[in-house]
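Commentary on secondary and tertiary structure
Listed here are the chains, written in short residue letters.
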Amino acid sequence: SGNGLSQSINIFSVEDSIKKIKNIYSGNVKMVNVPIWDVSVDKNSYIIPAFLNITWSTIADIDLNTEDKRWMGKYRFYYGILKYLFNGCLKKGKLEYIESHSNEVKTIDDDFSLFCATNAKWLSDDFLICPYADIQDPSIDLVFSNEKSNLINRTKNLYHLSKGDHIEKCENIIHKNVKWFSLKTNNNDLISIDGEFNKF
């Protein structure tokens with residue numbers, strides 16, 4: 001219902017999709033490689049492939065807690081957003097990461113109100129989560145916040161998230177380009193991998 005993948009590869013309509021498929025079959029499209037992440041789940045000792053995004057805290061809650069409202073299409077997300085605006089969403093977690101230009105492990109052990117690991121610009125066709133992301137780049141873009149926000153700040157953050165200028169306009173939303181990260185959360189937290197339900 002979000003169409004984040006299609007938006008990230010410039011497919012904006014059914015006609016665009018058909019045109020690209022025809023071009024692929026006629027050999028008029030240069031194929032590119034998209035890196036696949038190996039997402040390791042410690043307690044289950046298996047690996048999940050991912051290539052778009054991993055979300056937790058607010059974004060995962062908005063997405064996964066509205067699964068029963070898929071009949072609403074993408075408008076189910078607005079229902080989830082309204083609940084978030086009035087109730088907020090803070091999740092306790094420990095984030096470790098190594099920035100792309102470094103070998104130092106940095107650690108944040110705190111409450112998180114926003115977390116997304118991605119290499120795609122779009123989470124949905126109207127949610128530009130990371131304007132700097134490149135779907136062909138093997139590095140990972142982390143967008144997160146530890147802000148314990150009130151209704152006014154939550155509204156401001158979501159407004160700028162919808163505009164795609166949140167990294168510049170919201171001082172508590174942080175962007176890091178990393179080559180590795182680890183996230184430890186509570187056992188009952190919802191985590192979305194490529195938009196799908198995962199409960200670890």
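Above this text you will find the structure in question.
A short tour of the structure in this document, coming up. (Residues numbered from 1 in each chain as written. Predicted model: local features only at pLDDT ≥ 70, side-chain atom pairs only at ≥ 80, totals over all residues. Heavy atoms only, no water.)

Evaluation of the coordinates by the stated rule reveals five aromatic pairs. Aromatic pair Trp-56 and Phe-112: ring centres 5.3 Å apart, planes at 55°, arrangement tilted. Here Phe-112 lies in strand E5 (residues 105-112) and Trp-56 lies in strand E3 (residues 53-57), a separation of 56 residues in the sequence. The exposure class of Trp-56 is buried, given its relative accessible area of 0%. (Phe/Tyr/Trp six-rings, centres within 6.5 Å; stacked < 30°, edge-to-face > 60°. Helix = DSSP H or I, 4+ residues; strand = E, 2+ residues; numbered from the N terminus. Buried < 20%, exposed > 50% of the residue type's maximum accessible area, 1.4 Å probe, protein only.)

So, on to helix H2 (residues 14-26). In a regular helix each residue adds 1.5 Å, so 13 residues correspond to 18 Å; H2 covers 18 Å between its end C-alpha atoms and thus fits that length. Phi turns positive one or two residues past the end of H2, at Gly-27, with a value near 80°. (Expected span 1.5 Å × (residues − 1).)

As enumerated under the stated definition, the model contains one cavity of 30 Å³ or more in all. By volume, the largest cavity is sized at about 110 Å³. For the lining of the largest cavity, the secondary structure elements donating two or more residues are helix H3 (58-64) and helix H5 (151-163). Of the residues in the lining of the largest cavity, the class split is eight nonpolar, five polar and one charged. (1 Å grid on protein atoms, 1.4 Å probe; cavity = no way out; pocket = protein on both sides within 12 Å on 5 of 7 lines; lining within 4 Å. Points joined across faces, edges and corners; volume = space filled by probe spheres on them. Nonpolar A, V, L, I, M, F, W, Y, C, P; charged D, E, K, R; others polar.)

Here we take up the packing of helix H4 (residues 75-87) against H5. Two numbers describe how H4 lies on H5: the axes approach to 8 Å, and their chain directions differ by 145°. For the pair formed by H4 and H5, the contact residues are Ile-81, Tyr-84, Leu-85, Phe-86 and Asn-87 on the first element and Leu-151, Arg-154, Thr-155 and Leu-158 on the second. Counted by class, the contact of H4 with H5 contains six nonpolar, two polar and one charged residues. (Axes fitted to C-alpha atoms, helices over the stretch in contact; angles between N-to-C directions. Contact = heavy atoms within 4.5 Å.)

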